[in-house]
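Each chain is listed here by its residues.
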Amino acid sequence: MTEKRIIDVDYSQVDTERMRINMGPQHPSTHGVLRLEVEVDGEIVTDVVPHIGYLHRCFEKACEKMSYPQVIPFIDRMDYIASMNNELPYVVGMEKLMGINVPDRIQLIRMAFAELNRIANHQLAVATFGLDAGAFTPFLYLFRDREMILNLFEKASGGRLLYNYFWIGGLMHDVPPTFKQECLNIISTVRKTNEEVMNLLIGNSIFIERTINVGILPADVAVNFGVSGPVLRGSGLNYDLRRSEPYLLYDKFDFDVVVGKGEMGTLGDCWDRNIVRMREMEESCKIIEQIIANFPDESSDVRALVPRRVKPPKGEIYSKAENPKGELGFYIVSDGTVNPYRMRARATSFVNLSVLPEISKGYMIADLIMILGSLDIVLGEIDR
Amino acid sequence: MTANEIYEKLKSEFGDEIISLTEDAANEAFIVVKPQRIVEICLVLRDDPNFKFDYMANLTGMDYPNNLTVVYHLYSIPLNHRIVLKVELNKENPSVESVEKVWKTANWHEREAYDMFGIIFENHPFLVRILTPYDWEGHPLRKDYKEPETYHGVKIAY
Amino acid sequence: MGLLNRLDDPIQGDGIILGTVEDLLNWGRSKSDWYLQFGLACCAIEFMALNAAHFDMMRFGAIPRTSPRQADFIIVSGTVTLKMADRIKTLYEQMSEPRYVMSMGSCANTGGPYWEHGYHVVKGVDRLIPVDVYVPGCPPRPEAFFEGLVKLQKMISTQAIFRKREKMSAEDLAALELRNKKIQEYNERAAQENIEFTNAKHVGYSRYSLDFLNKGEQS
């Protein structure tokens, strides 16, 4: 860090006034159609008011008119970067509500795809974070590798981005025959590229200077604001739903929960949040390796348990899972008919974005871009 | 702590304010409370060393035929337990005290509940619409909501 | 014109090529169309993949611009909501003529999966601005997008600038009529809205500052 120079200015002579400027909704750095109303004092941000809702697609209202399996494609379109992970809490919750026990093989496939999608999401997050900082090359490398994961998803489900792959009680199709080999290829490529990106971007002194001591989020503030995922773990708090309330078969697998340690600057700054994502990719690779080692060779009917008519009994459930961005929850209220009475999505990015005004006061406008990038938001999920 | 223990402890502290506990196989355990002292109940839930509900996972509204309900999903990171609170409000004047000063995350959740259901959260710092435009009419997630014909001259129906 | 694609030397002589100015202008216009970088929803992620190494959209001469003033065409990639509608119109109006619109994905074409219950979704961006090329898909595959881009380039390159009507086939004429009609309708509507807007009580404020005013009243 450079030393602060004190410039002697007689501020009574300077004509200053606070200015309110609009950033977005069409702005390349707001990651979609987010509008930030920024109050600035010169270059210093004094207040930020996020205006959201520019992509409000009526998810919750539409769900009340849909049957339960029809809801899944809409869930895909919420957090469109990690669709597989999005479907997970919904199908798991519905199976709990209906009392379906899914065999281990399907659970392993679900875990493998969820972890692969976590890698794809973090690749995109790190790539766009690099773009925000002005680094274009890592973007090209990471997107090149992301294509491998998308290709595998396409072979399994037929879609590159939106899958509708996890069904209530099973899967849409069985995995392709080359599944194991492709997973191993992906892991080795991801590891190689991550090493490159660590040298190229994360360890780059320009990048470090731009991200350390910026947007510091203390752990107690983070918990009070309800943030979760890498943003919360970047503040040094060990909270991961895969560990604290395991779903699928996560309790039988060996992986570490990555937390920020404040290695470069203060604990909970932008660099910490970003490094958590980089290291989580490695943890996901470890999980996938274990899945491949335990994966049964013989194929099975993945649609055997899919109910013909999804009609859960009267009841309600709050089902949650660890999305790449944090805790994604679905509050499903069933009144015993084929349509949900109420479907509430506790969107991760919605909550994570609400902490932005708290942590961006007092920094420069350029830092505001970095803070926003480090939160890794998706507008489709915020506005639903 | 199990839901029953939480219920008993709240009952001994607040008496009639706590109405009922529902705990069966179909539902997650939830406690129905009266709206008048919701902030005090929430403060106890957050600060009491037996509860330590420091993390509000979710807050949402519900439109039942007879009432509007606010649902609070609470979680404790240090003690790893969950509880659901429900507050039932009448449809004519649905208002409840804001819990924004207990959990900051309630700020946006309450704005959304106001936007979607028209539930008024008293003493909320900035209770305006959040998802729909600021001049939108009606509260879309109510069951009797009818979508408008046009908005700013653009036809809405397909 | 395609001259640059050829490796042999088709033109003997001193490098004099005979052709029309129209061809030259259209060739230049169609092979370097810059687009306004404007991501709306899911399609925008596919759109980012288009720009990355694997699909490399820049080989078509399409370069992203972040300002509408420098853009030749706008790609509406995703769901258009009512809250966004005014902004899209503003962006379109800020672009300089000749301007083109590509609608990418089902949502921008017709409202997509939200056509029935989406109370806050505009059912097709062509209710707001005139569209030249529609790309179907939810989201469209990159190949589908390229097809749309090539269609747009072809449309630009065959646009007659001089003695337009004489040289066009009946089909092309009908298509051009349709396009002109759409644009004319849009212009009339925009002028009408402009009159209504200035006659309203908030004279002198843009729609953006209106939001600030509303906020000031409430707080």
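Since the structure is predicted, the reported quantities are computational estimates derived from the model, not experimental observations.

Chemist: Summarise the overall build of chain A; cite the residues concerned and give the values.
Modeler: Helix and strand counts for chain A come out as 15 helices and 8 strands. For 384 residues, the compact-globule formula gives about 21 Å, and the C-alpha radius of gyration of chain A, at 22 Å, lands near that figure. For chain A, the spread of C-alpha atoms along the three principal axes comes to 80 × 45 × 35 Å. Once local pairs closer than 6 in sequence are excluded, the contacts in chain A between residues at least 24 apart make up 72%. Surface exposure of chain A reaches about 13300 Å², of which carbon and sulfur atoms provide 51%.

Chemist: I'd love a proper account of the confidence of the model for chain B, names of residues and values included.
Modeler: With 98% of its residues at a pLDDT of 70 or more, chain B has an overall mean of 86. Model confidence for chain B, summarised as mean pLDDT per element, is weakest for strand β1 (residues 18-22) of chain B at 79 and strongest for strand β4 (residues 68-76) of chain B at 90.

Chemist: Just give me the short version of the interface of chain B and chain C, but keep the residues and values in it.
Modeler: Taken together, the 19 residues of chain B in the interface contact 16 residues of chain C. Between chain B and chain C the total buried area reaches about 1600 Å² when both faces are included, carbon and sulfur atoms providing 66% of it. Summed over the three residues of chain B that lose the most area to chain C, namely Tyr-134, Val-154 and Tyr-158 of chain B, the buried surface amounts to 35% of that side. Counting every contact that joins chain B to chain C gives 0 salt bridges. At the boundary of chain B and chain C, one finds 3 residue pairs in polar contact (both at pLDDT 80 or more). Across the side of chain B that touches chain C, the residue classes tally to 15 nonpolar, 2 polar and 2 charged.

Chemist: Can you explain the interface of chain A and chain B? Please cite residues and give values.
Modeler: Across the contact, 40 residues belong to chain A and 42 residues belong to chain B. The junction of chain A with chain B conceals about 3500 Å² of combined surface from both sides, 53% of it contributed by carbon and sulfur atoms. Interface area lost by chain A to chain B is led by Asn-224, Glu-316 and Tyr-341 of chain A, which between them contribute 18%. A salt bridge links Arg-344 of chain A to Glu-112 of chain B, with the nearest nitrogen and oxygen atoms 3.0 Å apart. Taken together, the connections running from chain A to chain B amount to 24 residue pairs in polar contact (both at pLDDT 80 or more). With 5 residues, the top contributor of residues to the side of chain A that touches chain B is strand β6 (residues 315-323) of chain A. In the side of chain A that touches chain B, the residues fall into 18 nonpolar, 9 polar and 13 charged.

Chemist: Describe the domain arrangement of chain A, with residues and values.
Modeler: Residues and elements named next belong to chain A. Domain annotation for chain A reports domain 1 (11-47) and domain 2 (49-383). With 19 residues of domain 1 in contact, the opposing surface of domain 2 contributes 22 residues. Around 1900 Å² of area is buried between domain 1 and domain 2 when both sides are counted, 66% of it from carbon and sulfur atoms. Of all residues in domain 1, His-31, Leu-34 and Val-45 bury the most surface against domain 2, accounting for 32% of the area lost on that side. For the pair domain 1 and domain 2, the interface holds 0 salt bridges. Elements with a minimum of two residues in the side of domain 1 that touches domain 2: β1 (19-23), β2 (35-41) and β3 (44-51). Ranked by the residues each element gives to the side of domain 1 that touches domain 2, the list is headed by β2, at 5 residues. Split by residue class, the side of domain 1 that touches domain 2 holds 10 nonpolar, 5 polar and 4 charged.

Chemist: Outline the packing of aromatic side chains, supporting the account with residue identities and numerical values.
Modeler: If you walk through the whole model with that rule in mind, you get 28 aromatic pairs over all chains. Among the aromatic residues, ring-to-ring pairing joins Phe-113, Phe-153, Tyr-163, Tyr-165, Phe-166, Phe-179 and Phe-295 of chain A into one connected group. Lying across the ring of Phe-51 of chain B, Lys-9 of chain B places its NZ or CZ 5.5 Å from the centre. Just above the ring of Tyr-54 of chain A sits the side chain of Lys-83 of chain C; from NZ or CZ to the centre is 5.1 Å.

Chemist: So, the pairing of β6 of chain A: which residues are in play, and what are the values?
Modeler: Taking burial as the measure, the 9 residues of β6 of chain A include 9 buried ones, the bulk of the element. Between β6 of chain A and strand β7 (residues 326-334) of chain A, which pair antiparallel in sequence order, lie 2 residues.

Chemist: Outline the environment of Ser-299 of chain A, listing residues and values.
Modeler: Residues and elements named next belong to chain A. With respect to the helices and strands, the residue Ser-299 is situated in the loop between α11 (270-294) and β6. A residue is classified by how much of its surface remains accessible, and Ser-299, at 56% relative accessible area, is exposed. In the structure, Ser-299 is positioned 43 residues away from Asp-256 in sequence and 30 Å away in space, judged by C-alpha atoms. The contact partners of Ser-299, leaving out residues within four places of it in the chain, are Arg-105 and Asp-174.

Chemist: A description of a nonpolar patch on the surface should follow, citing residues and the corresponding values.
Modeler: Residue and element names in this part refer to chain C. There is a patch of nonpolar side chains on the surface, built from Val-21, Leu-25, Ile-161 and Phe-162 and spanning about 350 Å² of accessible area. Residue placement: Ile-161 occurs in the loop between α5 (142-157) and α6 (164-167). Note on Ile-161: relative accessible area 37%, which makes it partly exposed.

Chemist: Can you lay out the sheet that holds strand β4 (residues 100-104) of chain C for me, pointing to particular residues and giving the numbers?
Modeler: All names here are of chain C. Judged by pairing direction, the sheet is parallel, and its 5 strands sit side by side in the order β2-β1-β3-β4-β5 without closing on themselves. Of all strands in the sheet, those with a lone pairing partner are β2 (64-65) and β5 (133-135), marking the two edges. Note that strand β1 (residues 35-36) and strand β3 (residues 73-77) share 2 bridges and pair parallel. Paired with Tyr-35 across the strands is Phe-73, a residue of β3.

Chemist: Any details on the sheet that holds strand β2 (residues 30-33) of chain B? Residues and values, ideally.
Modeler: Residues and elements named next belong to chain B. With respect to topology, 5 strands assemble into an open sheet ordered β1-β2-β5-β4-β3, the strand pairing being mixed. The open sheet terminates on both sides in strands that have one partner only, identified here as β1 and β3 (55-63). Geometrically, the sheet is characterised by an average inter-axis angle of 20° between neighbouring strands, direction not taken into account. Two elements, β2 and strand β5 (residues 81-89), share 4 bridges in a ladder whose sense is parallel. Along β5, the bridge assignment pairs Val-33 with Val-87. The strands touched by helix α1 (residues 3-14) are β1, β2 and β5; relative to β1, the strand with the most contacts, the crossing angle is about 170°. Along the sheet, helix α2 (residues 38-47) contacts β1, β2, β4 and β5; its crossing angle with β5, the most-contacted strand, is approximately 180°.

Chemist: An account of the nonpolar core is needed here, citing residue identities and associated values.
Modeler: Tyr-90, Phe-113 and Tyr-165 of chain A together with Tyr-72 and Val-99 of chain B are the most contacted members of the largest nonpolar core, which has 219 residues in total. Tallying contributions element by element places helix α4 (residues 104-133) of chain A first for this core, with 14 residues. Each of domain 1 (11-47) and domain 2 (49-383) of chain A contributes no fewer than three residues to this core. Residues in contact with Val-99 of chain B, not counting those within four places in the same chain, are Ile-38, Val-39, Cys-42, Met-56, Leu-59, Tyr-72, Ala-106 and Glu-110 of chain B. By size, the runner-up hydrophobic cluster in this structure holds 20 residues, among which are Tyr-35, Phe-47, Leu-50 and Leu-152 of chain C.

Definitions and limits used
Residues numbered from 1 in each chain as written. Chains lettered and ligands numbered in written order. Predicted model: local features only at pLDDT ≥ 70, side-chain atom pairs only at ≥ 80, totals over all residues. Heavy atoms only, no water. Helix = DSSP H or I, 4+ residues; strand = E, 2+ residues; numbered from the N terminus. Rg over C-alpha atoms; globule rule 2.2 N^0.38 Å. Contact = heavy atoms within 4.5 Å. Areas by Shrake-Rupley, 256 points an atom, 1.4 Å probe, with all protein chains shown as cover. pLDDT = per-residue confidence, 0-100. Buried area = accessible area lost by both parts, 1.4 Å probe. Salt bridge = Lys/Arg side-chain N within 4 Å of Asp/Glu carboxyl O. Polar contact = N/O pair within 3.5 Å; in protein donor to acceptor, adjacent residues only side chain to side chain. Nonpolar A, V, L, I, M, F, W, Y, C, P; charged D, E, K, R; others polar. Domains from an automatic or database assignment. Phe/Tyr/Trp six-rings, centres within 6.5 Å; stacked < 30°, edge-to-face > 60°. Lys NZ or Arg CZ within 6 Å of the ring centre and 35° of its normal. Buried < 20%, exposed > 50% of the residue type's maximum accessible area, 1.4 Å probe, protein only. Pairing = 2+ DSSP bridges. Patch = residues over 30% accessible without salt bridge, like charges linked within 9 Å, V, L, I, M, F, W, Y side chains within 5 Å. Axes fitted to C-alpha atoms, helices over the stretch in contact; angles between N-to-C directions. Core = buried A, V, L, I, M, F, W, Y, C linked by side-chain atoms within 4.5 Å.

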